[in-house]
Amino acid sequence: MADVSALRRSTLLRSLLIAVVAALVLFGISELVGEYRNSQLASVALNFCAIAGLTVLIGRSGQVSLGHGAFLFVGGYTVALMLKHHTFPNSPTTNKLFILALLVAVAVSAAVGALAGLAAARLRGPYLAGVTLALALGLPELPTYSHLSGWLGGHTGLVVNIPNSLDNVDFARWQAWICCACAVITLFLLYNLIHSRVGRAFEAVRDDEVAASLAGLSVARVQVLAFVVSAAAAGLAGGLYALTAGQVDPLSFPLTLSLDLLAASVIGGLGTLSGAAYGAVLITFLPSWAQDVSGLSATSKVGANLPTTIFGLALVVSMLLLPNGIQGLLSSITRRLRNGAAPMHRTAFGISSRAGNLHDREDT
Amino acid sequence: MNFLNDVIYGAANGFIYAAVALALVLIWRSTRIVNFAQGGMVMVTTFVAWDLVVEHNQSYWVGLVVAMLAGLVLGGAVERILIRPVENGPPLNPVIVALGLLLVLEGGAGMIWGNNNNTFPAQFSLVYYHAGHQVILFNSDLLFVVISVVVIALLLYLLFQRTPIGLRMRAAAFNPEVARLLGVPVSRLLTLGWALAAVVGAVAGVLIAGIPGNYVSPNGFDGLLILGFTAAVIGGLDSPIGAVVGGLLLGIVLQVLDGYVSNDIDSMFVLLLLLAVLMVRPNGLFTRHQERRV
């Protein structure tokens, strides 16, 4: 099994394989399902970008952000501003401006992330949490500022000109492809990042700042870098949101969005990209599942608030009983299956950290 | 005169931020946790008061007292059921549990009372005072706000400095291990601390809801948490007096900025203020420097 051991050794090969498989699976799904499911697929993909970035920040670098919605806001508005005066001509294959807009969105939110990271590198624990919470409330208010509202559209927001689809592809599928392509690229890059020197530096700083700096790492630089990476991923998600929703306004990025992203990364399993994928599926489908199961319409008082409530409950329960999230649960189940009749205490090992460290998880 | 009015009106609002900050400080001192669900808890107790006063035509005082009782129960229950299991874990865990609770409270309140912006009537006159022909941005309702918060602060001071139970609470916060050895029922006192904080928050919620421009709605108190947090951080999270000073400063600065720059971007100002304070003193203005543990 020479090829398997090569996979084991080379992160690049492994990540390429994962990316190709993910791309094929996503492509297959989008070919099989209809318009509505394709728009949901687009949501899953863009949520994955945001949650993957957040989970790397919290789970790997040990810095918390309660305000990642702010970076989605930056990305979304950047794309909207770039496409504001641009109408897409009928021959879409010649027009790649939206790709440029997405790249700029990533760059701008990475820059904002660098600023936030510079502040974050000086702050710890509740102070950092509070500042990022204030960021999530404060930043989306900018468009309503009277001197900026002309440029940023005020309360009504901005309409985004969405690029035409390819000639023989229907529109929702085209959008799903754009989002999935970005998600696969994000997966590929982040996977390589967390298995590289940089990723190990993140973890070293997370586990013990003093030891990390004694080992020659610049703690502040590592922390800022983590924020930049995470904000870039969130900015990409925001840009994709603008492209798929066709409109951005201050209310598109409420505090609940930031909290939902955090909840998704915790419930999925902090620090793991597969956990981010579970979280993205959950955050996208929960509202419609909640409706289907309860039989309540989304306009009734209870129905409208059911997803938020379930999400909050799931977050609390997962924190109390399942601190390693869905990913932790699955890996402990597979370990149990692999070990067969191994004694209980060995399989319970993964769960024994329940009262303990959120950061204490294995790389699987 | 404009400036003076801004200071007066801002300080009156600042008293409410001070009350929220006091609630946060109470919990921080005893458990080293910032209660990020405070805004949600304030929202629920204020909705309880709103339900009684507006929907069921009860008197303002009934609403206020029931809201305080609801806060007492809610605060105690939250500490016992949700916070206790994560109290001694890594510091991120209680933050996440509190945020989960916030989502549950916001969703739950929306289920019961809907997601509209509801107005809450002020109990006292909203007509501004006059000095000769000059309007002063102060009225009986704001006077009531100031008096209430001052009374709360004094009661808390007396409780902590002059009563045996306050002494025990301080001992439990200062060194839980030793306090327990000396017979102090530490865990019960932590619950009491959370309950008291929620009562203070309940009063703050009813007070701010009565000020025109504020609404009772499921996410209507998110901003109040950040205001209280900022006030507490200016004061240094550890100092009750700092919390009051921080609240007043914050109220005044925000009101002045509103007048001179814009009143559209209050949350942005709060963010910048919070950052400015923390960049100068990462642990708040009033705390002594604490070494990070190795």
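Basis of the calculations
- Residues numbered from 1 in each chain as written.
- Chains lettered and ligands numbered in written order.
- Predicted model: local features only at pLDDT ≥ 70, side-chain atom pairs only at ≥ 80, totals over all residues.
- Helix = DSSP H or I, 4+ residues; strand = E, 2+ residues; numbered from the N terminus.
- Buried ≥ 20, exposed ≤ 12 C-beta atoms within 10 Å, placed from the backbone.
- Contact = placed C-beta atoms within 7 Å.
- Rg over C-alpha atoms; globule rule 2.2 N^0.38 Å.
- Nonpolar A, V, L, I, M, F, W, Y, C, P; charged D, E, K, R; others polar.
- Axes fitted to C-alpha atoms, helices over the stretch in contact; angles between N-to-C directions.
- Parallel < 35°, antiparallel > 145°, perpendicular 65-115°, else oblique.
- Left-handed = near helix turned anticlockwise from the far one by under 90°.
- Expected span 1.5 Å × (residues − 1).
- Core = buried A, V, L, I, M, F, W, Y, C linked by C-beta atoms within 7 Å.
- pLDDT = per-residue confidence, 0-100.
- Arc of directions from axis to C-beta.

Enquirer: Just checking my understanding: could you explain the overall build of chain A for this structure?
Expert: Helices and strands together make up the secondary structure of chain A, namely 16 helices and two strands. Put simply, chain A has 364 residues, and 50% of those count as buried. Within chain A, counting contacts between residues at least 6 apart in sequence, those at least 24 apart form 78% of the total.

Enquirer: Can you walk me through the overall build of chain B in this structure?
Expert: What chain B contains, in helices and strands, is 11 helices and two strands. Its C-alpha radius of gyration of 19 Å places chain B within 12% of the 19 Å reference for a compact globule of 294 residues. In terms of principal-axis extent, the alpha carbons of chain B reach across some 65 × 45 × 35 Å. Within chain B, the fraction of its 294 residues that count as buried is 53%. When contacts within chain B are restricted to residue pairs at least 6 apart in sequence, long-range pairs at least 24 apart make up 73% of them.

Enquirer: What's the story with the interface of chain B and chain A in this structure? I'm lost.
Expert: A common way to state how big an interface is: give the accessible area lost once the parts meet. With 45 residues of chain B at the contact, the number on the chain A side is 45 residues. Class assignment for the residues of the side of chain B that touches chain A results in 30 nonpolar, 12 polar and three charged.

Enquirer: Any chance you could explain the packing of helix α14 (residues 301-321) of chain A against helix α4 (residues 92-113) of chain B here in plain terms?
Expert: Helix-helix packing is described using two parameters, namely the angle between the two axes and the distance between the axes. Between α14 of chain A and α4 of chain B, whose axes approach to 7 Å, the crossing angle comes to 160°. Of the possible angle classes, the one that applies to α14 of chain A and α4 of chain B is roughly antiparallel. The way α14 of chain A lies across α4 of chain B gives a crossing that is left-handed. Tallied by class, the residues present in the contact of α14 of chain A with α4 of chain B amount to 15 nonpolar, nine polar and two charged.

Enquirer: Would you explain the environment of Leu139 of chain A in this entry?
Expert: Residues and elements named next belong to chain A. Along the chain, Leu139 turns up in the loop between α6 (125-138) and α7 (149-152). A C-alpha to C-alpha distance of 6.0 Å links Leu139 and Ala70, two positions 69 residues apart in sequence. Excluding anything up to four places from it in sequence, Leu139 contacts Ala70 and Phe73.

Enquirer: What exactly am I supposed to notice about helix α9 (residues 222-235) of chain B here?
Expert: Two residues of an α-helix separated by three or four positions point the same way, owing to the 3.6 residues in each turn. Residues and elements named next belong to chain B. The end-to-end C-alpha distance of α9 is 20 Å, a good match for the 20 Å that 14 residues give at a rise of 1.5 Å each. Counting buried residues along α9, 13 of its 14 residues qualify, which places the element largely inside the surrounding structure. Following α9 by one or two positions, Gly236 adopts a phi angle in the positive range, close to 105°.

Enquirer: Sorry if this is basic, but what is going on with the nonpolar core here?
Expert: Across soluble globular proteins, you tend to see nonpolar side chains buried next to one another. Counting residues in each nonpolar core, the largest one holds 223 residues, and the members touching the most others are Cys49 and Leu315 of chain A together with Ala18, Ala19, Leu22, Leu99 and Val200 of chain B. Examining the composition of this core, we find that 18 residues originate from one element, helix α8 (residues 186-210) of chain B, more than from any other. Those residues in contact with Leu315 of chain A, other than ones at most four positions away along the chain, are Ala263, Val266 and Ile267 of chain A together with Ile96, Leu99, Gly100 and Leu103 of chain B.

Enquirer: Is there a simple way to think about unusual backbone geometry in this case?
Expert: The general pattern is negative phi for most residues beyond glycine and trans for most peptide bonds. Residues and elements named next belong to chain B. One non-glycine residue with positive phi stands out, namely Arg32, at about 55°. Here Arg32 shows up in the loop between α1 (2-31) and α2 (38-55). Looking at Arg32, the number of C-beta atoms within 10 Å reads 16, which means it is partly exposed. One non-glycine residue, Leu237, lies in the positive phi region at around 60°. Along the chain, Leu237 falls in the loop between α9 and α10 (240-260).

Enquirer: Is there a simple way to explain the environment of Tyr129 of chain B in this structure?
Expert: Checked against the element boundaries, Tyr129 of chain B lands in strand β1 (residues 129-131). Sequence-distant contacts of Tyr129 of chain B, defined by excluding residues within four places in its chain, comprise Ile136, Phe138 and Asn139 of chain B.

Enquirer: Before we go on, may I ask you to explain the confidence of the model for chain A in this structure?
Expert: Low-confidence regions, as indicated by low pLDDT, have predicted coordinates that should not be scrutinised in detail. Residues and elements named next belong to chain A. The pLDDT averaged across chain A works out to 85; a share of 89% of its residues lies at or above 70. Highest mean pLDDT in chain A belongs to helix α11 (residues 219-245) (95); lowest belongs to helix α16 (residues 344-347) (38). In this model residues 341-364 is a low-confidence stretch, pLDDT under 50, and it forms 32 contacts with partners more than four residues away in sequence or in other chains.

Enquirer: Sorry if this is basic, but what is going on with the packing of α2 of chain B against α9 of chain B here?
Expert: Residues and elements named next belong to chain B. The N-to-C vectors of α2 and α9 enclose an angle of 125°; their axes lie 8 Å apart at closest approach. Judged on the interaxial angle alone, α9 and α2 are oblique. The chirality of how α2 crosses α9 is right-handed. Each of Gln38, Gly39 and Val42 in α2 lies in contact with α9, whose residues at this interface are Asp222, Leu224, Leu225 and Gly228. Residue composition of the contact of α2 with α9, grouped by class: three nonpolar, three polar and one charged.

Enquirer: Whenever I open this one, helix α9 (residues 197-207) of chain A confuses me. Can you help?
Expert: All names here are of chain A. Along α9, the residues classified as buried are Gly199, Ala201, Phe202, Val205 and Arg206. For α9, the angular spread of buried residues about the axis comes to 160°, placing them on one side. Tucked inside the fold, the buried residues of α9 contact α3 (35-61), α8 (171-194), α10 (209-214) and α11.

Enquirer: How should I be thinking about the environment of Arg221 of chain A in this particular structure?
Expert: You can see Arg221 of chain A is positioned in helix α11. Considering only alpha carbons, one finds Arg221 of chain A and Leu139 of chain A, 82 residues apart in sequence, at a separation of 24 Å.

Enquirer: I would appreciate a short explanation of the confidence of the model for chain B in the present structure.
Expert: Here chain B averages 88 in pLDDT, while 96% of its residues score no lower than 70. For this predicted complex, the interface confidence reaches an ipTM of 0.87, while the overall pTM sits at 0.88.

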